[in-house]
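So you can see what is in the structure, the chains are spelled out below.
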Amino acid sequence: MTTAQARQDLAVQPTPLALLLLGREADTRSERGVECPGDLPSPSDPDLVARARAAKEKLGEKVFILGHHYQRDEVIQFADVTGDSFKLAKDAAARPGAEYIVFCGVHFMAESADILTTDDQKVVLPDLAAGCSMADMATAEQVAECWDVLTDAGIAERVVPVSYMNSSADIKAFTGKHGGTICTSSNAERALNWAFEQGEQVLFLPDQHLGRNTAVRDLGLSLEDCVLYNPHKPNGGLTAEELRNAKMILWRGHCSVHGRFSLDSVNDVRERVPGVNVLVHPECKHEVVSAADYVGSTEYIIKMLEEAPSGSKWAIGTELNLVQRLANRFAAEDKEIVFLDKTVCFCSTMNRIDLPHLVWALESLAEGKEINRIQVEKETADFAQLALERMLALP
């Protein structure tokens, strides 16, 4: 098929284990581990903020800096816009005059920005080691093998792939090529409703929790309607009959941040903070989502807190950088905001984008050096864009 044919409380102290979560160490099993060519400024350099400002001023309208909600405050202060992954990619596409799009996020986000921006624009990721463990849980080879399994089971023709925005360009391209769509945590329900109008079953990639929570909470399916496909087991660890009977075939992937929250976390915070409202992201486990008072995307979480009455209490189950920022923002309005868990829960790869890497990237661009450019191969980009366009056309 061608594209033409298809078209805790916040006073948390990092432990030694948290060094990885804070981006101070690398996990070679899940990160690309790419070193910056040239000299990286020292984190102790007292002039880092001034250097970043100077480089950004020198670049002027040539640069547009995107900052994901989970970024550190030291990085967010230089972002021209903030948001979740898809909002930022759309913001980049809306600025065709910017020669450089510096994406302070992770690799799959920069890929999406490259797909949606013009050929003349260059998307830069300050640290190529900023990957995403969830996105890396589904490779193109694994998904192609899964499709073969579905074909052998005689169901591939009635299965519609739906892939979360938090996936690689290769997975988005697979989705577009096989008649599927992309979704975000905000529109997953609409995407699944659309998919079930196109076919009888859905292959949901790569986050099992968002797929399960949306299917059960929003569409009214049962847990028995969902099966879990494990790419590390023969035939995904499922029989042909199990595959045929399932409505939702969930990929065995998860967010290592949101997956840390447990039912004990919810019960504990209710004891510690009487009258607290528990608000969590739909990437959390099903039992956590079921026990929460409110469930929604990052943008939903922010909106809920903006509209919350003074004096209200909230426990938030999402990445800690964002929770800390929201707690500081709404403290003056007498809104008590605490972290859902007692342990540190930073996004390890997101935290690899720090001020030294941002300074190095901006100064390099200001000197005319093209670095860390993210480019998606054309055929992959075309099919991925097709899947993204289907999402944008959802009713």
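Residues numbered from 1 in each chain as written. Predicted model: local features only at pLDDT ≥ 70, side-chain atom pairs only at ≥ 80, totals over all residues. Heavy atoms only, no water.

S.K.: Can you walk me through the side chain of His 258 in this structure?
M.R.: Secondary-structure assignment places His 258 in the loop between β9 (248-251) and α12 (263-272). Given the relative accessible area of 0%, His 258 is considered buried. Side-chain polar atoms of His 258 contact the side chain of Glu 283, separated by 3.0 Å. If we skip the residues at most four places from it in the chain, His 258 touches Tyr 70, His 281, Glu 283, Cys 284, Gly 317, Thr 318 and Glu 319. (Helix = DSSP H or I, 4+ residues; strand = E, 2+ residues; numbered from the N terminus. Buried < 20%, exposed > 50% of the residue type's maximum accessible area, 1.4 Å probe, protein only. Polar contact = N/O pair within 3.5 Å; in protein donor to acceptor, adjacent residues only side chain to side chain. Contact = heavy atoms within 4.5 Å.)

S.K.: It is not clear to me how the sheet that holds strand β12 (residues 313-317) should be interpreted in this structure. Could you clarify?
M.R.: Sheet strands line up and pair through hydrogen bonds in the backbone, either parallel or antiparallel. The parallel open sheet is built from four strands, whose spatial order is β11-β10-β12-β13. A single partner strand is all that each edge strand has here, and the edge strands are β11 (294-295) and β13 (336-339). As paired elements, β12 and β13 share four bridges and run parallel to each other. Opposite Lys 313, over in β13, you have Glu 336 as the bridge partner. Sheet contacts for α12: β10 (277-280), β12 and β13; angle to β10, the most-contacted strand, approximately 150 degrees. (Pairing = 2+ DSSP bridges. Axes fitted to C-alpha atoms, helices over the stretch in contact; angles between N-to-C directions.)

S.K.: Just to check I follow, could you spell out the packing of helix α3 (residues 48-59) against helix α16 (residues 355-366) for this structure?
M.R.: Packed helices, taken two at a time, are described by their axes: the angle between them and the distance between them. The contact between α3 and α16 brings their axes to 9 Å, and the two run at 30 degrees. Considering the relative orientation of α3 and α16, their crossing is left-handed. Of the residues in α16, those touching α3 at Leu 48, Val 49, Arg 51, Ala 52, Ala 55, Lys 56, Lys 58 and Leu 59 are Leu 355, Pro 356, Val 359, Leu 362, Glu 363, Leu 365 and Ala 366. Broken down by class, the residue content of the contact of α3 with α16 amounts to 11 nonpolar, no polar and four charged. (Left-handed = near helix turned anticlockwise from the far one by under 90°. Nonpolar A, V, L, I, M, F, W, Y, C, P; charged D, E, K, R; others polar.)

S.K.: What exactly am I supposed to notice about the side chain of Asp 84 here?
M.R.: By the element assignment, Asp 84 lies in the loop between β2 (81-83) and α5 (85-93). Despite its burial, Asp 84 pairs with no opposite charge, the nearest such side chain being Lys 87 at 6.9 Å. A polar side-chain atom of Asp 84 sits 3.0 Å from the main-chain amide nitrogen of Lys 87. With residues near it in sequence (within four places) discarded, Asp 84 still touches His 68, His 69 and Glu 299. (Lys, Arg positive; Asp, Glu negative; His and termini not counted. Salt bridge = Lys/Arg side-chain N within 4 Å of Asp/Glu carboxyl O.)

S.K.: Would you mind going over α5 with me for this structure?
M.R.: In an α-helix, one turn spans 3.6 residues; hence positions three or four apart end up facing the same way. For α5, every residue scored as buried is listed here: Ser 85, Phe 86, Leu 88, Ala 89, Asp 91 and Ala 92. Elements that come into contact with the buried residues of α5 comprise β1 (63-68), β2, β3 (100-104), α6 (107-116) and α17 (378-392). A side-chain oxygen of the first residue of α5 lies 3.0 Å from the backbone nitrogen of Lys 87; this N-cap is Asp 84.

S.K.: What is the right way to read the pairing of β10 from this model?
M.R.: Sheet faces and side chains relate simply in a regular strand, where the side chains alternate between the two faces. Of the two faces of β10, both are covered, the one formed by Asn 277 and Leu 279 as well as the one formed by Val 278 and Val 280. Relative to β12, β10 runs parallel, the two being bridged by four bridges. Each bridged residue has a counterpart across the sheet, and for Val 280 the counterpart in β12 is Gly 317. Relative to β11, β10 runs parallel, the two sharing two bridges. The residue of β11 that forms the bridge with Val 280 is Val 295. Taken together, β10, helix α13 (residues 286-291) and β11 constitute a β-α-β crossover, and its handedness is right-handed. (Right-handed = clockwise from strand over helix to strand, strands pointing away.)

S.K.: What exactly am I supposed to notice about the packing of α5 against α6 here?
M.R.: Here α5 crosses α6 at 35 degrees, and the two axes come no closer than 8 Å. With respect to the hand of their crossing, α5 and α6 are arranged in right-handed fashion. Residue-level inspection shows Ser 85, Phe 86, Ala 89 and Ala 93 of α5 in contact with α6, the latter providing Phe 108, Met 109, Ser 112, Ala 113 and Leu 116. Its residues placed into classes, the contact of α5 with α6 shows seven nonpolar, two polar and no charged.

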